[in-house]
2 protein chains.
Amino acid sequence: MKRVLLVVAYDGTGYSGYQAQPNGVPTIEGELNSAILELTGEEVEVIGGSRTDAGVHAMQNVAVFDTASRIPAEKFSYALNLRLPAAIRIQKSVQVDSDFHPRHQNCVKTYEYRIYSAPFPSPLKDRYSYYTYRKFDIARMQAGGDLLVGEHDFTSFSSIYSQAKSPVRTITALEVLQRDGEIVIRVSGTGFLYNMVRIIAGTLMEVGEGRRAPESITEVLNAKDRRAAGPTAPAQGLTLVRYLFQDHPDLT
Amino acid sequence: MKRVLLVVAYDGTGYSGYQAQPNGVPTIEGELNSAILELTGEEVEVIGGSRTDAGVHAMQNVAVFDTASRIPAEKFSYALNLRLPAAIRIQKSVQVDSDFHPRHQNCVKTYEYRIYSAPFPSPLKDRYSYYTYRKFDIARMQAGGDLLVGEHDFTSFSSIYSQAKSPVRTITALEVLQRDGEIVIRVSGTGFLYNMVRIIAGTLMEVGEGRRAPESITEVLNAKDRRAAGPTAPAQGLTLVRYLFQDHPDLT
């Protein structure tokens, strides 16, 4: 037996999230399990990395599985890509230690939330960005976002359906930048609560619009109450762009 | 009666090109004609700008039509967007002179051909880029592209099915740049022959791969023979990004 790590990119449009679900709804993990079964004949349940929501995209998410197959670990990328839908593509496959668990590793995940603000939607952007005609002051968004960096209790920025044991998380970097006609909120952290990046995006948009002061972000954190923050921004604007294992930076 | 100019963005995936066709195949102009009919009750045939091929995208293409409707020209954008498929969005609508014809104006069109070169395809890029595992030297591509700038007989870079009266066209700028992990061939000119940008892209990729010398581009031009150039690069990598009327730069 060997354990294989997959680095997975996907267009989340039309998928009910990353994590496999029992009722046959399409998920990224479900598609990976099917492709592995088709290739090796083995019924596996991959162990996934970040459990992205329905409609969220990834340039780098991860999954591991154990196999008795004699296919070299490095060849799984090619062989699985032939069996996966076009919306999912393995970027890399590599053997890891038999006890390697992606969610028990020290890691830094980087998400980008893309906002397209213009008088009219653009068909070339709306698959991977949130469109709005509202206008934003990026410097205000950055000033608000700066207050989120560091270790905080992020209860206010978490779905009330979060099942996390602790609401304390660490954001290591948050940048608000302009790229290719869009506003991008790029946020890195060692872990995120359920809906956390989308609630950060929804709240910073209110800051950028002038409906909230940048300084109010500290009050939102202190409130430890979901109702203190802004709305959850729509899923299609969110992409997991980097999944870095700090002790194994070469894996991804 | 008034003449209205539409600035149109579209995702060309699944469309049989811009120009309306008689046999009911889906085209961008056909969708515009249908939306105008639904809105005004008038059967019109819009006069289009650049006749992009099947599968080619646009951030800015143009069309004009005449209407007796009392709807203000500026409001057509909003009203037509409610009636168009999500893949097509009017960016602007404005009244123009009754003899304004988009193809009889001095204009500069800018196309971008996007190439994603990586070991594996990315589901987040393959809608608007051409994927290949081949590797390219961008400086070589730029050196070859430099030889295309100016007024030339572009017979070698034109489909043999071109019906243009003259094969002479002027390229005003050609840049090969890297953006967001992709190679972008950005080419501006006062007019283009059928398939011209896609053949330029296919030829410059051969230059970038080392299969042709940059200087050979001059020989290709001089040959005035389609067979002297490289292959026609796939449509989905091509986007019309700017349609500038030189005498009316504020229109688009």
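Residues numbered from 1 in each chain as written. Chains lettered and ligands numbered in written order. Predicted model: local features only at pLDDT ≥ 70, side-chain atom pairs only at ≥ 80, totals over all residues.

A. Representation of the overall build of chain A. Across its full length, chain A carries five helices and 10 strands. Dimensions of chain A, computed from the C-alpha atoms along their principal axes, are close to 60 × 40 × 35 Å. In chain A, buried positions account for 42% of the 252 residues. Taking the intrachain contacts of chain A between residues at least 6 apart in sequence as the baseline, contacts between residues at least 24 apart amount to 71%. (Helix = DSSP H or I, 4+ residues; strand = E, 2+ residues; numbered from the N terminus. Buried ≥ 20, exposed ≤ 12 C-beta atoms within 10 Å, placed from the backbone. Contact = placed C-beta atoms within 7 Å.)

B. The arrangement of the relation of the copies chain B and chain A in detail. Of the two same-sequence chains, chain B is brought onto chain A (RMSD 0.0 Å, axial shift 0.0 Å) by a rotation of 180°. Here the transformation between the copies is reduced to the relation of a two-fold axis. When C-alpha distances to the rotation axis are compared across chain B, the minimum falls at Asp180 of chain B, with a value of 4.5 Å. Mapped onto chain A, 100% of the interface residues of chain B again fall at the interface, so both copies present the same surface. (Least-squares fit on C-alpha atoms with pLDDT ≥ 70 in both.)

C. Layout of unusual backbone geometry. A positive phi angle, near 70°, is found at Asn195 of chain A, a position not held by glycine. Examined against the element boundaries, Asn195 of chain A turns out to sit in the loop between β9 (182-189) and α4 (196-209). Of note in the backbone geometry, Lys224 of chain B takes a positive phi value of approximately 50° without being a glycine. In this structure Lys224 of chain B comes out as partly exposed when scored by C-beta crowding, with 14 C-beta atoms within 10 Å.

D. Expanded view of the interface of chain B and chain A. In this assembly, 21 residues from chain B lie in contact with 21 residues from chain A. Secondary structure elements with two or more residues in the side of chain B that touches chain A: β1 (2-10), β3 (57-67), α2 (76-81) and β4 (88-96) of chain B. At four residues, β4 of chain B tops the list of elements feeding residues into the side of chain B that touches chain A. For the side of chain B that touches chain A, a count of residues per class yields 12 nonpolar, six polar and three charged. (Nonpolar A, V, L, I, M, F, W, Y, C, P; charged D, E, K, R; others polar.)

E. Examining the environment of Arg179 of chain A more closely. The residue Arg179 of chain A is located in strand β8 (residues 168-179) in this model. In this structure the C-alpha to C-alpha distance between Arg179 of chain A and Ala54 of chain A, which are 125 residues apart in sequence, comes to 25 Å.

F. Geometry of the domain arrangement of chain A. All names here are of chain A. For chain A, the assigned domains are domain 1 (2-104) and domain 2 (107-244). Between domain 1 and domain 2, the residue contacts involve 14 residues of the former and 11 residues of the latter. Residue classes in the side of domain 1 that touches domain 2 are distributed as five nonpolar, eight polar and one charged. (Domains from an automatic or database assignment.)

G. Seen up close, helix α4 (residues 196-209) of chain B. Residues and elements named next belong to chain B. For α4, built from 14 residues, the straight-helix expectation of 20 Å at 1.5 Å per residue is met to within 8% by its first-to-last C-alpha distance of 20 Å. Burial of α4 is extensive: 11 of the 14 residues sit out of reach of the surface. Within α4 the residues assigned to the buried category are Met196, Val197, Arg198, Ile199, Ile200, Ala201, Thr203, Leu204, Met205, Val207 and Gly208. Of the surrounding secondary structure, the elements contacted by the buried residues of α4 are β5 (107-117), α3 (138-146), β9 (182-189), α5 (216-223) and β10 (238-245). Two residues or fewer past α4, Gly210 is found with a positive phi of approximately 95°. (Expected span 1.5 Å × (residues − 1).)

H. Fine view of the environment of Pro123 of chain A. Within the secondary structure layout, Pro123 of chain A lies in the loop between β5 (107-117) and β6 (130-132). Among the residues examined, Pro123 of chain A registers 21 C-beta atoms within 10 Å and is labelled buried. Each C-alpha atom of the pair Pro123 of chain A and Ala235 of chain A lies 17 Å from the other, and the pair is 112 residues apart in sequence. Filtering out sequence-adjacent residues up to four positions away, Pro123 of chain A remains in contact with Ala9, Tyr10, Asp11, Ala86, Ala87, Ile88 and Arg89 of chain B.

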